[in-house]
Amino acid sequence: MRRNKYGIILPFLAPAIILYSLFVIYPYSQAMYVAFTKWKGLRKSPRFVGLDNFEKMLGDDKFWNALSNNLIYLFVLPIVTLGFALFMAFMISQKVRFNNFYRVTYFFPQVMSVVAIGILWSFVYHPTIGIFSSLLKAVGIKNPPVWLGDPDTALWSIVAVTVWQSAGFFMVIFMAGMLSIPKSLYEAAALDGAGRGSTFFRITFPLLWENTRSSLVFITVIAMDMFGITFTMTQGGPDRSTDVLATLLYEHAFLHSRFGYATSIAMVYFIIVIVLTLLIFRVTRRETVEF
Amino acid sequence: MYKVSRWSAVSTQTVLVGWAVIVIFPMIWMIYSSLKTDQELFFSPWAPPMELQWDNFARAWTKAHVGDYLLNTLIVVIPALLLTLIISAMAAYVLARFEFVGRRFLFYMFLSGMLFPVFLALVPLFSLVNQLKMLNTFHGLILVYIAYSLPFTIFFLTGFFKTLPTEIEESAIMDGANPYQVFFKVMLPMASPGLISMGIFNFLGMWNQYVLPLVLISDESKYMLSQGLAFMLFKQFYENDWSALFAALTIIMVPTLIVYITFQKQIQDGITTGALKG
């Protein structure tokens, strides 16, 4: 059966290996070098400068500002989005009426293009054509904030959009876990007189470890990225109040042709994602419960 | 199960209905606003249109080039998607079914691609595509899309091929089928549920992709849909044709909505099983 197996192995693997090596492995390995160079645009070539880029980063206010915005997202988004998603998943899996309608509706923003979402919400927040500010005026608030135009509110406006977009996705992930919990456990709890609250905290949540862990990793990746939504809604402004590492490095690379410095910021970005992912896996490592 | 008080049942429904309204209403608002005049948009944001301004759609389609952007996106996404599926399926089949030197190494090499954020590769990728003379070309973007879709698709399909029974394959070989016939006539049809999941997953990823075209396509006439939309938004600051932009958003969102409602079960399964396996 496997007599001339290499006659199939090589041609079947070749296209994948060639494309992947050229467009994925090669750029990533080159990035490991570019991060330690000064490279000012396509016409020049990279010059090795050791740790200069990273030293410069330490004293760069824009870098610390962008990083601290990522940290705010990293702190707020998991709590708000996952908390809300978990709450809704639990509600819907209780077989409330119209549960299917809710599941389908809540998930929809997940399939929309991030650019379309960004534009739609810049309209919603818009001080004159937007519905949000005129709603607030209608209920008596005279000077509603200029949501995306004010450094104090812009970041939180983006947080709200991100929750709007991703809560349904995480809800569906939690629901998948909830459906696999055997009914008998709930029946036993009901016999013991457990209410909704204690059923959730004693039974449902502890059995959702796997789903919680993957959700944490996803939301970490989302909070570190934030590029599409930020770039369409505020471009990092006003006054850099919504700048994140991804928008900052894009600006350095493609507006100012600082290829080396941009890549060294990307390197820091990458290291943070990896460290946090490993940390999540470490902290949440538990014996998985077998049913 | 247990008793839920009337009060908590009512409050549950209130929260759920409230969130549904928050999710749906912005889209309904966008759709009816796309039929208003610019004056109506500015002076009565909540009101429905007085007269339906279908011309907004005509302007969005032709003057704002939404039609062209849509065509560009289809020209890139359709071949990229089909090639991703076939190339990944071939590699996954071999990785799942054959023993050979370096098999594990190759599998982990593809797997490792999922660890890295695309931003790390952005500058070297830009420079590479430039050296290959593929900046501002559709084929360049297609190749990049395929390459970045391979890791997850191969990972997923390798797992899928491993779950398929070997008997049918073996009996096909007994009947004298060559390995290529076995793959294309026997294995691919059996793998179609996995291919459909990955098809949906990658289609959405490619359709909504923003960073890669932003970096690799700078020629306005070759913009992808997401780029074109963002470009229209930036242009509004001096062109002031807001109603056409609402129409453009509607043109883009309504088909997505129809496709989503039709295939919502498969789409949700595709995305979440995809996500949970990863």
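Residues numbered from 1 in each chain as written. Chains lettered and ligands numbered in written order. Predicted model: local features only at pLDDT ≥ 70, side-chain atom pairs only at ≥ 80, totals over all residues. Heavy atoms only, no water.

J.: Now, about the overall build of chain B: what can you tell me, with residues and values included?
T.: When helices and strands are counted, chain B shows 14 helices and zero strands. Its helices and strands taken in sequence order, chain B reads α-α-α-α-α-α-α-α-α-α-α-α-α-α from the N to the C terminus. Relative to a compact globule of 278 residues, whose C-alpha radius of gyration would be 19 Å, chain B shows 24 Å and is clearly more extended. C-alpha extents for chain B along the principal axes are approximately 75 × 65 × 35 Å. (Helix = DSSP H or I, 4+ residues; strand = E, 2+ residues; numbered from the N terminus. Rg over C-alpha atoms; globule rule 2.2 N^0.38 Å.)

J.: So what about the domain arrangement of chain B? Which residues, and what values?
T.: One frequently used descriptor of interface size is the decrease in accessible area upon assembly of the parts. Looking at chain B, the domain boundaries give domain 1 (6-58) and domain 2 (64-240). For domain 1 of chain B versus domain 2 of chain B, the distance between C-alpha centres works out to 36 Å. (Domains from an automatic or database assignment.)

J.: Tell me about the pattern of salt bridges, residues and numbers included.
T.: All chains considered together, the criterion is met by six salt bridges over all chains. We note a salt bridge from B:Glu169 to B:Arg97, for which the minimum N-O separation is 2.7 Å. Placement of B:Glu169 in helix α8 (residues 167-174) and of B:Arg97 in helix α4 (residues 66-97) is noted, with a sequence separation of 72 residues between them. Residues B:Glu169 and B:Arg97 agree in their burial class; the two are buried. Measuring nitrogen to oxygen at the nearest pair gives 3.5 Å for the salt bridge that ties B:Glu99 to B:Arg103. One salt-bridge network, in which partners are shared between bridges, spans A:Arg240, A:Asp243 and A:Glu251. (Salt bridge = Lys/Arg side-chain N within 4 Å of Asp/Glu carboxyl O. Buried < 20%, exposed > 50% of the residue type's maximum accessible area, 1.4 Å probe, protein only.)

J.: Describe a positive patch on the surface, listing the residues and the values that go with them.
T.: Residues and elements named next belong to chain A. There is a patch of like positive charges on the surface, built from Lys 38, Lys 40, Lys 44, Arg 47 and Lys 56. Mapped onto the secondary structure, Lys 38 falls in strand β1 (residues 37-38). The exposure class of Lys 38 is partly exposed, given its relative accessible area of 44%. (Patch = residues over 30% accessible without salt bridge, like charges linked within 9 Å, V, L, I, M, F, W, Y side chains within 5 Å. Areas by Shrake-Rupley, 256 points an atom, 1.4 Å probe, with all protein chains shown as cover. Lys, Arg positive; Asp, Glu negative; His and termini not counted. Charge placed at Lys NZ, Arg CZ, Asp CG, Glu CD.)

J.: Describe the interface of chain B and chain A, and please don't skip the residues or the numbers.
T.: Contacts between the two partners involve 96 residues from chain B and, on the opposite side, 98 residues from chain A. Of the roughly 9,000 Å² buried at the junction of chain B and chain A (both faces included), carbon and sulfur atoms supply 81%. Among the elements that line the side of chain B that touches chain A, the one with the most residues is helix α1 (residues 6-33) of chain B, at 16 residues. Grouping the amino acids of the side of chain B that touches chain A by side-chain chemistry returns 80 nonpolar, 13 polar and three charged. (Contact = heavy atoms within 4.5 Å. Buried area = accessible area lost by both parts, 1.4 Å probe. Nonpolar A, V, L, I, M, F, W, Y, C, P; charged D, E, K, R; others polar.)

J.: For the packing of helix α5 (residues 114-125) of chain A against helix α13 (residues 242-262) of chain B, give the residues involved together with the corresponding values.
T.: Two elements in contact, α5(A) and α13(B), have axes whose closest approach is 11 Å; the angle formed by their N-to-C orientations is 140°. With respect to α13(B), the axis of α5(A) lies oblique. Considering the relative orientation of α5(A) and α13(B), their crossing is left-handed. Of the residues in α13(B), those in contact with A:Ala116, A:Ile119, A:Leu120 and A:Phe123 of α5(A) are B:Trp242, B:Leu245, B:Phe246, B:Leu249 and B:Met253. The residue makeup of the contact of α5(A) with α13(B), split by class, is nine nonpolar, no polar and no charged. (Axes fitted to C-alpha atoms, helices over the stretch in contact; angles between N-to-C directions. Parallel < 35°, antiparallel > 145°, perpendicular 65-115°, else oblique. Left-handed = near helix turned anticlockwise from the far one by under 90°.)

J.: Tell me about the confidence of the model for chain B, and please be specific about residues and values.
T.: Residues of chain B with pLDDT of at least 70 account for 95%, and the chain-wide mean is 87. Here helix α14 (residues 264-277) of chain B stands out as the least confident element of chain B, with mean pLDDT 74; helix α11 (residues 211-216) of chain B is the most confident, with 95. (pLDDT = per-residue confidence, 0-100.)

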